[in-house]
Amino acid sequence: MRRLFLVLAAALLPIAALPFTAGAAPDDYTQVERGRYLAIGGDCVACHTIPGGTQWAGGRGIQTPFGDIVTPNLTPDEETGIGHWSADDFYRAMHTGVMPSGAHLYPAFPYTYYTKVTRADSDAIYAFLRTLPAVHNAVDRDTLPFPFKVRALMLGWNEMFFRAGTFEADPQRSAEYNRGAYLVEGLGHCGACHTPMNWAGANDAARYLQGNVLQAWTDPNITDEQRIGLGSWSVDDIVEYLKTGRNARAQASGPMAEVVVYSTSGMSDADLHAIATYLKQRGAAGPAAPSPRPADDAQMQSGAVVYTDNCSACHKRDGTGVEAMFPPLRGDQVVQQTDPTTVLRIVLQGAQGAATDAAPTAPAMPAFSWRLSDQQVADVVTYIRNSWGNTAQAVPASDAARLRKRVADTAE
Ligand code: HEC
Ligand code: HEC
Ligand code: HEC
């Protein structure tokens, strides 16, 4: 995982180094710079670039339940990019998910969130995109199988699941809260990953930010909920995590490491503080805690043995861990998510925190896939989810087997 982080960090450098292209009048300079900043907040480049490819030139396949959708070229190339798009065309795409031709975009492009981006912010992003060097790169826009390839289907989807709208500030709340709301609900599209989806791949508004599972990662609950959400995190904990990818409680890995590298680490402290304030103050929401497994349950007993033999040296018998070395599992919200994918993944694959200058050799969590059977993995995970005050659903061996296969298929 450290490798992933470093590769991403290396990929990020060219963004910072992108020259301000001459041609824009000095008056436009602030608008372009604002657009550049807003594009970071929208995480656009992460999706619109093939890893290792030319920034903004598109071509990356975005996984959806219906097939991969390839991201288009956003450079101002006339033929293969958006060179012929006007600011109106651009706003219409951001606001309603419709191309200049009238054809519909798929919500793999998060227009369902970007719809809340103001016209002025959309224009600034557009102005910034105009300053990119034009890159000729034709991508296949037609990768979905029938019937999903029929873009007109999106008319029905939008009818059912989408309302174009502008952001409405809540006058009862502080300006900081409203700034956070604007960023999370709009540009940051945090809910695209952190909100459960329905059968049609649409985020379920009733369970906003209550957690999801995508691409074999658990996207945790990020409401202020105590057991599985950010209830025990302070505003500063959240800011530190979004800025650096880690804090004393957690490290960002997988898709969130990418969000941190491309997007949140480039945001201002004021905006991160606003996001954290919004997440803390918006309220707690999530499923009721299941009752804990009884200690004499067969899985709990077997899990306790596996834990003592394999885990307690680092995480301690009482699950409190060792400060700044081994994270506590007691009260840990990743451990208790309804969906156990990330916990299973960590036990099977291990985890290596990102090394930073402050901690050049971050302690690693060893992989146990070679050592523990599917049943033992399920038992120890069930045990840590239901000990020391933790409560979460028991995990069957079939879940461990499924993830073991998935992880083996997608090994780096
Ligand atoms: C989660 C991945 C993702 C992110 C983040 C993302 N996009 Fe996209 N975008 C896509 C995909 C996928 C498509 C193509 C959808 C389709 O073909 O229907 C797309 C299409 C577009 C289009 C339509 C272009 C065309 O030629 O049809 C525009 C404009 C666009 N994105 C702008 C942006 C901007 C600006 C941002 C950041 C504020 C952004 N995108 C962030 C995935 C993403
Ligand atoms: C591409 C999907 C994706 C997007 C977009 C995304 N996240 Fe995440 N987020 C994740 C995943 C996956 C994790 C779990 C990471 C892990 O287990 O290491 C996570 C973890 C987190 C955590 C830590 C929670 C915990 O309990 O450990 C916070 C806080 C967070 N995200 C906030 C945000 C915010 C704020 C945004 C929007 C600016 C956002 N995320 C956008 C996928 C995403
Ligand atoms: C050699 C010490 C060591 C052993 C043994 C060990 N771990 Fe870990 N574990 C770690 C470290 C270090 C981390 C933090 C890794 C990171 O995120 O970069 C960690 C992280 C975790 C996490 C993620 C916590 C979070 O909130 O992100 C879980 C769950 C976990 N370990 C469970 C286990 C289980 C179950 C076992 C036994 C099967 C085990 N560990 C054995 C060192 C260890």
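Refer to the preceding data block for the structure.
Considerations on the coordination of the iron atom of ligand 2
Working step 1: Coordination of the iron atom of ligand 2 by the protein involves His-194 (NE2) and Met-256 (SD), with metal-donor separations of 2.1 to 2.3 Å.
Working step 2: Bound by six donor atoms, the iron atom of ligand 2 shows angles of 86 to 179° at the metal and therefore octahedral coordination geometry. You can see His-194 sitting in helix α9 (residues 191–194) and its partner Met-256 sitting in helix α11 (residues 254–262), a full 62 residues away along the chain.
Working step 3: Taking the relative accessible area as the measure of exposure, His-194 reaches 10% and is therefore buried.

Here's the deal with the nonpolar core
Soluble, globular proteins show a tendency: their nonpolar side chains are buried together.
Working step 1: Among the nonpolar cores identified, the biggest contains 51 residues, and Trp-56, Phe-90, Leu-129 and Leu-279 are the most heavily contacted of them.
Working step 2: Contributions of two or more residues to this core are made by α2 (26–41), α3 (44–47), α4 (87–96), α6 (119–130), α8 (175–187), α10 (235–244), α11 and α12 (269–281).
Working step 3: Viewed by domain, this core spans two of them, domain 1 (2–161) and domain 2 (175–281), each represented by three or more residues.
Working step 4: With 23 residues, the next largest nonpolar core counts Val-306, Val-347, Val-380 and Val-395 among its residues.

As for the site of ligand 2
Working step 1: Taken together, 25 residues lie near ligand 2, and Cys-190, Cys-193, His-194, Ser-253 and Met-256 sit nearest.
Working step 2: Taking Ser-253, its side chain carries an N or O atom lying 2.7 Å from an oxygen atom of ligand 2.
Working step 3: Contact distances for ligand 2 include 3.0 Å between an oxygen atom and a side-chain N or O atom of Gln-333.
Working step 4: At the level of elements, α9, β4 (217–219), α10, α11, α12 and α15 (333–336) are the ones that each hand at least two residues to the shell around ligand 2.
Working step 5: Considering only residue class, the shell around ligand 2 consists of 17 nonpolar, seven polar and one charged.
Working step 6: Per-domain counts for the shell around ligand 2 show at least three residues from each of domain 2 (175–281) and domain 3 (298–409).

A word on the pattern of salt bridges
Working step 1: Taken as a whole and judged by the stated rule, the model has 15 salt bridges.
Working step 2: Between Arg-173 and Asp-170 there is a salt bridge, and its shortest N-O distance comes to 3.7 Å.
Working step 3: The class of Arg-173 is partly exposed, set by a relative accessible area of 31%.
Working step 4: Note on Asp-170: relative accessible area 28%, which makes it partly exposed.

Reading the values: rules and limits
Residues numbered from 1 in each chain as written. Chains lettered and ligands numbered in written order. Predicted model: local features only at pLDDT ≥ 70, side-chain atom pairs only at ≥ 80, totals over all residues. Heavy atoms only, no water. Donors = N, O, S within 2.8 Å, 3.2 Å for Na, K, Ca; no water. Tetrahedral: all angles 85-135°; square planar, octahedral: opposite > 155°, others 65-115°. Helix = DSSP H or I, 4+ residues; strand = E, 2+ residues; numbered from the N terminus. Buried < 20%, exposed > 50% of the residue type's maximum accessible area, 1.4 Å probe, protein only. Core = buried A, V, L, I, M, F, W, Y, C linked by side-chain atoms within 4.5 Å. Domains from an automatic or database assignment. Near = heavy atom within 4 Å. Polar contact = N/O pair within 3.5 Å; in protein donor to acceptor, adjacent residues only side chain to side chain. Nonpolar A, V, L, I, M, F, W, Y, C, P; charged D, E, K, R; others polar. Salt bridge = Lys/Arg side-chain N within 4 Å of Asp/Glu carboxyl O.

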